[in-house]
Amino acid sequence: MVVVFGILGFIGINKLIIYDQKRQFDAAEASLDALHSEIVTQVGQPASSEKEKSCSYSSVKIGQGERGCSIGYVLNFETSGATEGNDLINRVRNYIYSNKIMRMIFEQKGVFADGKSSLPGEEPSFDLLNTNSKGIDCGIKATYLDKSDRNYPV
């Protein structure tokens, strides 16, 4: 009986942990969706917007590691060059700074260089902390597509 109750207790606790993680992920996703909508309202409609979300387990020598989840948006703005692209990014940055639910914790490559469209790995990205959940990576990456450069991928 003790073994049966132990197994049932372990299964029950595991289900509660998974339920809590799912609830936190849903809360983080809802907060990021709201932030995305507000950015679009405040800054303007991007040429395209992609939502990326995933969960995976970390590697350990034997067994399965801790689960980590991430969610983010990639916003592709069409502009007439790096100057207008940087203005857009500054407006996105300022809006994120003023947001109460999502706080910026890290920013990478804050400006665009002159040239035709942004290149992969050279876009400003913002790592965010959702104050309503823990252990979930949230982020926004922004790119600009030069209107005069019709060779950019759509």
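Refer to the structure presented above.
The structure presented is a predicted model; accordingly, all values stated were derived computationally and were not measured.

(A) Looking closely at the overall build of the chain. Along its length, the chain carries two helices and five strands. Taking all 154 residues of the chain together, 36% fall into the buried category. Counting contacts in the chain only where the partners sit at least 6 residues apart, residues at least 24 apart contribute 64% of the total. Per element, the accessible surface of the chain, about 9,700 Å² overall, is 56% carbon and sulfur.

(B) Region of interest: the pairing of strand 5 (residues 136–146). For strand 5, the tally of buried residues reaches nine of eleven residues, placing the bulk of the element in the interior. With eleven bridges joining them, strand 2 (residues 64–79) and strand 5 adopt parallel strand pairing. Opposite Cys69, over in strand 5, you have Ile136 as the bridge partner. Across four bridges, the pairing between strand 4 (residues 125–130) and strand 5 is antiparallel. Directly across from Leu128, in strand 5, lies its bridge partner Cys138.

(C) Up close: the side chain of Asn76. Looking at the secondary structure, you find Asn76 in strand 2. Owing to a relative accessible area of 10%, Asn76 belongs among the buried residues under this scheme. A polar side-chain atom of Asn76 sits 2.7 Å from a polar atom in the side chain of Ser48.

Calculation notes
- Residues numbered from 1 in each chain as written.
- Predicted model: local features only at pLDDT ≥ 70, side-chain atom pairs only at ≥ 80, totals over all residues.
- Heavy atoms only, no water.
- Helix = DSSP H or I, 4+ residues; strand = E, 2+ residues; numbered from the N terminus.
- Buried < 20%, exposed > 50% of the residue type's maximum accessible area, 1.4 Å probe, protein only.
- Contact = heavy atoms within 4.5 Å.
- Areas by Shrake-Rupley, 256 points an atom, 1.4 Å probe, with all protein chains shown as cover.
- Pairing = 2+ DSSP bridges.
- Polar contact = N/O pair within 3.5 Å; in protein donor to acceptor, adjacent residues only side chain to side chain.

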